[in-house]
Amino acid sequence: GASSVWAQVQAHTESAGLRTMLRAPLSRGMASAAGKVVVAPRRRSRLALRAPIQLTETAAERIKELLDRRRESGGGDDGPAALRVGVKTRGCSGMSYTMNYATEKKKLDEEVVEHGVTVWIDSAALMHIVGTTMDYVEDDLSAEFIFHNPNAEGSCGCGESFTTKPLDIGRADG
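Reference entry: report on the structure contained in this document. Every value quoted in this text rests on a predicted model; they were computed, and no experiment measured them.

### A few points about the sheet that holds strand β3 (residues 53–55)
The three strands are arranged β3-β8-β9 in an open sheet whose pairing can be described as mixed. Lying at the two open borders of the sheet, with one neighbouring strand each, are β3 and β9 (143–148). For this sheet, the mean inter-axis angle between neighbouring strands, taken without regard to orientation, is 25°. In terms of strand pairing, strand β8 (residues 132–138) meets β9 through six bridges, oriented antiparallel. Following the sheet pairing, Asp-135 is matched in β9 by Ile-146.

### As for the nonpolar core
Of all hydrophobic cores here, the largest spans 22 residues; its most connected members are Ile-63, Val-85, Ile-121, Ile-129, Met-134, Phe-145 and Phe-147. Of the residues forming this core, the biggest block, five residues, is contributed by helix α2 (residues 57–74).

### Some words on the side chain of Arg-84
Within the secondary structure layout, Arg-84 lies in strand β4 (residues 82–89). Exposure remark for Arg-84: the relative accessible area of 12% places this residue in the buried category. Of the polar contacts made by the side chain of Arg-84, one reaches the backbone oxygen of Glu-104; its length is 2.8 Å. In this structure, Arg-84 is in contact with Thr-98, Met-99, Asn-100, Ala-102, Glu-104, Lys-105, Lys-106, Asp-109, Trp-120 and Asp-122, ignoring residues within four places of it in sequence.

### Section: the pattern of salt bridges
Here the idea is simple: oppositely charged side chains can pair when their charged atoms come close. Tallied over the entire structure, the rule returns four salt bridges. Of the charged contacts, one joins Lys-64 and Asp-68 as a salt bridge, the two residues approaching to 3.0 Å between their closest N and O atoms. With Lys-64 and Asp-68 both in helix α2, this residue pair falls four residues apart, about one helical turn. Classification of Lys-64 by relative accessible area gives partly exposed; the value is 42%. Residue Asp-68 is classed as partly exposed on the basis of its relative accessible area, which comes to 28%. Ionic pairing is found between Arg-71 and Asp-68, a salt bridge with its closest N-O pair at 3.1 Å. Of the two residues, Arg-71 and Asp-68 both sit in helix α2, three residues apart, roughly one turn of that helix. For Arg-71, a relative accessible area of 25% corresponds to the partly exposed category.

Conventions used here
Residues numbered from 1 in each chain as written. Predicted model: local features only at pLDDT ≥ 70, side-chain atom pairs only at ≥ 80, totals over all residues. Heavy atoms only, no water. Pairing = 2+ DSSP bridges. Helix = DSSP H or I, 4+ residues; strand = E, 2+ residues; numbered from the N terminus. Axes fitted to C-alpha atoms, helices over the stretch in contact; angles between N-to-C directions. Core = buried A, V, L, I, M, F, W, Y, C linked by side-chain atoms within 4.5 Å. Buried < 20%, exposed > 50% of the residue type's maximum accessible area, 1.4 Å probe, protein only. Polar contact = N/O pair within 3.5 Å; in protein donor to acceptor, adjacent residues only side chain to side chain. Contact = heavy atoms within 4.5 Å. Salt bridge = Lys/Arg side-chain N within 4 Å of Asp/Glu carboxyl O.

In structure tokens:
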């Protein structure tokens, strides 16, 4: 009867590993005697999120040196807590990177902690620099931070400014 069908449904759902909520029939002999089966949504496993910007060890070492030097000259605890990276509209290609000492994180800043240093990414810059690797390079003539940006579509001759690919938000492919 209905009770043996009910037992079979329960056994099947348990053996299949399905998480279900089964509503028992209200009365025997009705068309709804089998009840309603609702499969609970499976939770997606959370993927580890990558930081919006990656720091090389040499970049992190240089940032640490700069922050430590600034703290020492600024009187200790009142010095910067992190480096804030952003972009500004300027230069021949349209945008250039900004780096400033920061004492506190702004509400919408993204925080990146790598190799023992903290970098805050300005929320307005996030879409332009996500996926970027920040490096520090020294040679005989110069020492500078280099941004390897997969979003950069072009840069000016001196390398100080860049353009990014336009976002295709809401565009229908079809």
